[in-house]
Amino acid sequence: MPDEFAVHVLNGSIRVAWDAGNPIRTNLFAAGLRELVGYVLHEAAPDEQVRRCSWFREDPNLKAKREAEGRESEPKATRRQRMIYATQGGLPDDLIARLGVDLDATHTRLSKMFENLNRLTHVRPGTRITEDSDVISFMKEALEAVLCFYQTLSACRSEIAEVVAEEVNDEALAALTETVVEELDELSSHTFVDDVVTEVVRIKKVTAEMVSLETEGTVYVTLNYGSKSDFKRADGVTLAHKYPFRLQLTASTADIHRLTPGIPTVDNSSFYE
């Protein structure tokens with residue numbers, strides 16, 4: 001859930017569904033969950049961001065309605081388009097296809113569930129579900145659709161991270177060797193980076209035009225103490241150490257393999273222990 005409000009809506013929807021004494025509990029659960037899904041999609045996929053995606057095309061029906069009403073407002077995203085943006089941002093469809101993540105099936109499942117929620121929101125004689133087993137079955141189906149959406153979102157980001165893992169490691173090595181990193185430089189008179197190993201790559205955010213990543217790993221260094229003359233006299237000291245590091249990176253959704261690194265941070269606290 002994106003925030004505390006969404007958690008409250010989810011909890012409230014589930015609590016009312018368990019109230020066996022409430023004859024319209026399923027309808028109220030459906031209303032709450034429908035509002036939750038709508039809220040989550042609007043928060044995750046603002047219209048202005050969806051419009052900026054290369055894959056966005058205004059829905060013909062919405063366009064015709066807007067033109068018929070003489071409105072000059074910007075095109076609105078459909079619910080389906082918000083789902084697409086929430087899972088892939090502005091990443092092109094051909095990249096998503098290569099990742100092998102079936103977004104379409106997840107979007108279809110959530111769309112159908114939303115239609116069911118919408119139908120039950122309007123309380124009519126034929127829309128009530130009262131048997132405990134039927135209530136539980138409906139709740140399970142609805143919540144699993146929402147969970148599947150989040151799982152697919154997570155899977156998509158994991159696949160993106162795996163695709164760029166090698167480039168991330170290269171950029172981390174360059175960032176830690178080609179610039180002076182204060183946390184390493186202060187440890188000895190001459191600090192040399194021997195190797196960098198990235199252990200975690202996370203996709204922090206995907207917008208219409210940008211992918212933000214974070215990586216964590218270990219930097220292996222050689223710490224040298226003494227001048228050149230000290231080492232010639234065998235008075236110099238060399239120590240091998242390793243420290244955890246973190247690095248933020250960005251890439252364009254048009255080409256996720258072209259990464260731009262930020263400034264790495266190294267945790268050298270173990271040196272002083």
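Residues numbered from 1 in each chain as written. Predicted model: local features only at pLDDT ≥ 70, side-chain atom pairs only at ≥ 80, totals over all residues. Heavy atoms only, no water.

### Things to note about the overall build of the protein chain
- The helix and strand inventory of the protein chain stands at 11 helices and five strands.
- Computed over its C-alpha atoms, the radius of gyration of the protein chain comes to 26 Å, more than 25% above the 19 Å expected for a compact globule of 273 residues.
- Along the longest, intermediate and shortest principal axes, the C-alpha atoms of the protein chain span 95 × 50 × 30 Å.
- Of all 273 residues assigned to the protein chain, the portion counted as buried reaches 40%.
- Pairs at least 24 residues apart make up 68% of the contacts formed inside the protein chain by residues separated by at least 6 positions.
- The protein chain carries 31 positive and 45 negative side-chain charges, and their two centres are separated by 8 Å. (Helix = DSSP H or I, 4+ residues; strand = E, 2+ residues; numbered from the N terminus. Rg over C-alpha atoms; globule rule 2.2 N^0.38 Å. Buried < 20%, exposed > 50% of the residue type's maximum accessible area, 1.4 Å probe, protein only. Contact = heavy atoms within 4.5 Å. Lys, Arg positive; Asp, Glu negative; His and termini not counted. Charge placed at Lys NZ, Arg CZ, Asp CG, Glu CD.)

### Considerations on the packing of helix 2 (residues 25-44) against helix 5 (residues 79-88)
- At their nearest, the axes of helix 2 and helix 5 sit 9 Å apart, and the two run at 60 degrees to each other. When the axis of helix 2 is compared with that of helix 5, the two are oblique. As for how helix 2 packs across helix 5, the hand of that crossing is left-handed. Contacts between helix 2 and helix 5 involve L41, H42 and A44 from the former and R79, R82, M83, Y85 and A86 from the latter.
- When grouped by side-chain class, the residues that make up the contact of helix 2 with helix 5 number five nonpolar, one polar and two charged. (Axes fitted to C-alpha atoms, helices over the stretch in contact; angles between N-to-C directions. Parallel < 35°, antiparallel > 145°, perpendicular 65-115°, else oblique. Left-handed = near helix turned anticlockwise from the far one by under 90°. Nonpolar A, V, L, I, M, F, W, Y, C, P; charged D, E, K, R; others polar.)

### A closer look at the pairing of strand 1 (residues 190-206)
- Where strand 1 meets strand 2 (residues 210-225), 14 bridges bridge the pair, whose relative direction is antiparallel. Note on strand 2: the bridge partner recorded for V193 is V221.
- In textbook terms, the turn of a hairpin is the stretch between consecutive antiparallel strands, and for strand 1 and strand 2 this stretch comprises three residues. (Pairing = 2+ DSSP bridges.)

### Topic: the pairing of strand 4 (residues 255-261)
- Bridge analysis of strand 3 (residues 237-252) against strand 4 gives four bridges, and the strand direction is antiparallel. In the strand pairing of strand 4, L249 is matched with P261.
- Counting the residues in the hairpin turn of strand 3 and strand 4 gives two residues.

### Section: the side chain of Q81
- By the secondary structure assignment, Q81 is in helix 5.
- You can call Q81 buried: its relative accessible area is 10%.
- Among the polar contacts listed, one links the side chain of Q81 to the backbone nitrogen of T78, at a separation of 2.9 Å. (Polar contact = N/O pair within 3.5 Å; in protein donor to acceptor, adjacent residues only side chain to side chain.)

### Concerning the packing of aromatic side chains
- Inspection of every chain in the model, using the stated rule, returns four aromatic pairs.
- An angle of 80 degrees between the planes, with centres 6.2 Å apart, marks the rings of F29 and F138 as edge-to-face. Residue F29 is located in helix 2, and its partner F138 is located in helix 8 (residues 132-163); the two are separated by 109 residues in the primary sequence.
- Aromatic side chains F271 and Y272 sit 5.1 Å apart centroid to centroid with 85 degrees between the ring planes, which places their arrangement in the edge-to-face category. (Phe/Tyr/Trp six-rings, centres within 6.5 Å; stacked < 30°, edge-to-face > 60°.)

### Side note on the packing of helix 2 against helix 8
- Contact geometry of helix 2 with helix 8 gives a least axis separation of 11 Å together with a crossing angle of 5 degrees. Relative to helix 8, helix 2 is oriented roughly parallel. Contacts between helix 2 and helix 8 involve R25, T26, F29, A30, L33, V37, V40 and L41 from the first element and D132, V135, F138, M139, A142, L143, V146, F149 and Y150 from the second.
- Taken together, the residues of the contact of helix 2 with helix 8 sort by class into 14 nonpolar, one polar and two charged.

### Comments concerning helix 1 (residues 4-17)
- With 14 residues, helix 1 should cover 20 Å at 1.5 Å per step; its first-to-last C-alpha distance of 20 Å lies within 8% of that length.
- When we look at burial in helix 1, the residues that qualify are A6, V9, L10, S13 and A17. Buried residues in helix 1, looked at end-on, bunch into an arc of 95 degrees, giving them a common side. Residues of helix 1 that are exposed and point over 90 degrees away from its buried face: E4 and R15. (Expected span 1.5 Å × (residues − 1). Arc of directions from axis to C-beta.)

### Brief notes about the environment of E115
- Looking at the element boundaries, E115 is found in helix 7 (residues 103-121).
- Separated by 81 residues in sequence, E115 and R34 have C-alpha atoms that sit 9.0 Å apart.

### Quick notes on the confidence of the model for the protein chain
- Across the protein chain, pLDDT averages 90, with 99% of residues at or above 70.
- Across the protein chain, element-level confidence peaks in strand 5 (residues 265-266) with a mean pLDDT of 96 and bottoms out in helix 11 (residues 228-232) with 68. (pLDDT = per-residue confidence, 0-100.)

### Here we look at the pattern of salt bridges
- One pass over the full model with this rule turns up 16 salt bridges.
- With a closest N to O distance of 2.4 Å, R25 and D132 form a salt bridge. With R25 in helix 2 and D132 in helix 8, this pair connects stretches of sequence that are 107 residues apart.
- By relative accessible area, which is 46% here, D132 ends up partly exposed.
- Residue E214 is joined to R246 by a salt bridge in which the shortest nitrogen-to-oxygen separation is 3.8 Å. Highlighted residues: E214 in strand 2 and R246 in strand 3, separated in sequence by 32 residues.
- Given a relative accessible area of 7%, E214 falls into the buried group.
- Under the relative-accessibility criterion, R246 is labelled partly exposed at 39%. (Salt bridge = Lys/Arg side-chain N within 4 Å of Asp/Glu carboxyl O.)

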